[in-house]
Amino acid sequence: MIISVSGKGGTGKTTVTSLILKALVENTDKAILLIDADPSTNVPLVLGLNLEKTVGEVVNKFRKGLEDGSLAYVAKDSLLEGWIYETLKETTRFDVLAMGRTEGEGCYCYVNSVLASIIDKIEKNYDIVLLDMEAGLEHLSRRTDHDVDLLLVITDTSKTGLETARRIKELTKEVHIKVGKILLIGNKFPPEVEDMLKREAEKIGLKVAGIVPVDENVMTYLMEGKSLLDLPSDSPAFVSVKEICKRIGLI
Ligand SMILES: Nc1ncnc2c1ncn2[C@@H]1O[C@H](COP(=O)(O)OP(=O)(O)O)[C@@H](O)[C@H]1O
Ligand SMILES: [Mg+2]
């Protein structure tokens, strides 16, 4: 099952993704891969993980090798595959793949298609793949996404958050990404505003999976550099995310 978490920047994609991960880790024994698809690679910070390399870094090295001819006589595809596997961060309960940033302009169709097939292959080793996407819509226009079973769109109470959600829904149609289900999550939402979110969501043809409140613990944990996975189980944001996970059948 592939779950992608999208939305406007700062709405709480990484936070909600981390709390979904926590709910999955604590309540299932599924094999989980978390892919940090945001070039700014925030997941390791939020989960207190030490990540040595990103996929982007090894892809850059690979491209350089293609350009200077040093890879002329090697099995290129399996070389890149090996390098990408080396970037995979394994923990006892889940693995993390950080996409990072690739440099340079121009068409790297060959590299991109090899990369896509390697990522597909890696994903097949897991029961659940959680994708923490980069902000906004660029990734959808660049068609770097693949089909997903569940697209969770995070919005805050801002008008632009909802507008981004609407555009994401429209764009998935335009770029022909197959999406099993799209659900909206209101993050940093006061309970009184949930009904209003439902009404607004209905206008843009989206269903609401639930809302997550502002949680002081989330703030202090991030400031102190503690992993969100260690958040107390009665912490309000986690309680809500766990409820949402139950409601949508993830746990
Ligand atoms: N439910 C919440 N309660 C308190 N702070 C939150 C909550 N969700 C997100 N934040 C804070 O908002 C900021 C942006 O969240 P983040 O998850 O990094 O957003 P995104 O990944 O969408 O850019 C972070 O500083 C984070 O700590
Ligand atoms: Mg993020």
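Each value, and the rule that gives it
- Residues numbered from 1 in each chain as written.
- Chains lettered and ligands numbered in written order.
- Predicted model: local features only at pLDDT ≥ 70, side-chain atom pairs only at ≥ 80, totals over all residues.
- Helix = DSSP H or I, 4+ residues; strand = E, 2+ residues; numbered from the N terminus.
- Rg over C-alpha atoms; globule rule 2.2 N^0.38 Å.
- Buried ≥ 20, exposed ≤ 12 C-beta atoms within 10 Å, placed from the backbone.
- Contact = placed C-beta atoms within 7 Å.
- Pairing = 2+ DSSP bridges.
- Axes fitted to C-alpha atoms, helices over the stretch in contact; angles between N-to-C directions.
- Core = buried A, V, L, I, M, F, W, Y, C linked by C-beta atoms within 7 Å.
- Domains from an automatic or database assignment.
- Near = placed C-beta within 6 Å.
- Nonpolar A, V, L, I, M, F, W, Y, C, P; charged D, E, K, R; others polar.
- Expected span 1.5 Å × (residues − 1).
- Right-handed = clockwise from strand over helix to strand, strands pointing away.

Regarding the overall build of the protein
At step 1: In terms of regular secondary structure, the protein is built from 10 helices and eight strands.
At step 2: For the protein, the C-alpha radius of gyration of 18 Å lies close to 18 Å, the compact-globule estimate for 251 residues.
At step 3: With the principal axes as the frame, the protein shows a C-alpha extent of 65 × 40 × 30 Å.
At step 4: Looking at the 251 residues of the protein, the share that counts as buried comes to 39%.
At step 5: When contacts within the protein are restricted to residue pairs at least 6 apart in sequence, those whose partners lie at least 24 apart make up 79%.

So, the sheet that holds strand β1 (residues 2-7)
At step 1: Sheet architecture is open: eight strands sit in the order β3-β4-β2-β5-β1-β6-β7-β8, paired in mixed fashion. The open sheet is flanked by β3 (89-90) and β8 (207-212), the only strands paired with a single partner.
At step 2: Pairing geometry for β3 and strand β4 (residues 95-98), over two bridges, is antiparallel. When the bridges of β4 are listed, Glu 90 appears paired with Asp 95.
At step 3: The strands touched by helix α8 (residues 194-203) within the sheet are β7 (179-187) and β8, with β8 carrying the most contacts at an inclination of about 150°.

Some words on the nonpolar core
In a soluble, globular protein the nonpolar side chains are often hidden away together inside.
At step 1: In this structure, Ile 3, Ile 20, Leu 34, Leu 130, Leu 131, Leu 152 and Val 241 are the most contacted members of the largest nonpolar core, which totals 65 residues.
At step 2: Counting only domains with at least three residues in this core, you end up with domain 1 (1-30 + 127-251) and domain 2 (38-114).
At step 3: With near-sequence residues (within four places) excluded, Ile 3 lies in contact with Ile 128, Leu 130, Leu 131, Val 148, Asp 149, Leu 150 and Leu 152.

A word on the site of ligand 1
At step 1: Surveying the vicinity of ligand 1 reveals 19 residues, the closest of which are Gly 12, Lys 13, Thr 14, Thr 15 and Val 218.
At step 2: Only α1 (13-27) and α9 (216-223) provide two or more residues apiece to the shell around ligand 1.
At step 3: Split into classes, the residues belonging to the shell around ligand 1 amount to seven nonpolar, nine polar and three charged.

Observations concerning helix α10 (residues 236-247)
Each turn of an α-helix holds 3.6 residues, which means side chains three or four residues apart point in the same direction.
At step 1: The end-to-end C-alpha separation of α10 is 17 Å, in line with the 16 Å expected for 12 residues at 1.5 Å each.
At step 2: When we look at burial in α10, the residues that qualify are Ala 237, Phe 238, Ser 240, Val 241, Lys 242, Ile 244 and Cys 245.
At step 3: In this structure, the buried side of α10 is in contact with α1, β7, β8 and α9.
At step 4: The first or second residue beyond α10 is Gly 249, which carries a positive phi of 80°.

Details of the domain arrangement of the protein
At step 1: Domains assigned within the protein are domain 1 (1-30 + 127-251) and domain 2 (38-114).
At step 2: Across the boundary between the two partners, domain 1 contributes 13 residues, which contact nine residues of domain 2.
At step 3: The element best represented in the side of domain 1 that touches domain 2 is α1, accounting for four residues.
At step 4: Of the residues in the side of domain 1 that touches domain 2, the class split is six nonpolar, four polar and three charged.

Remarks on the pairing of β7
At step 1: Relative to β7, strand β6 (residues 148-155) is paired through seven bridges, and the arrangement is parallel. Residue pairing in the sheet places Leu 151 in a bridge with Ile 182 of β7.
At step 2: Traced from β6 through helix α7 (residues 159-174) to β7, the parallel crossover comes out right-handed.
At step 3: Crossover connection from β7 via α8 to parallel β8: handedness right-handed.

Thoughts on the environment of Arg 166
At step 1: Within the secondary structure layout, Arg 166 lies in helix α7.
At step 2: Arg 166 sits in the partly exposed class, given 18 other C-beta atoms within 10 Å.
At step 3: Between the C-alpha atoms of Arg 166 and Lys 203, which are 37 residues apart in sequence, the distance is 9.5 Å.

A few points about the environment of Asp 149
At step 1: Checked against the element boundaries, Asp 149 lands in strand β6.
At step 2: Under the C-beta neighbour-count criterion, Asp 149 is labelled partly exposed, with 14 such atoms within 10 Å.
At step 3: Between the C-alpha atom of Asp 149 and that of Ala 116, which follows or precedes it by 33 residues, the distance is 17 Å.
At step 4: Residues in contact with Asp 149, not counting those within four places in the same chain, are Met 1, Ile 2, Ile 3 and Gly 180.

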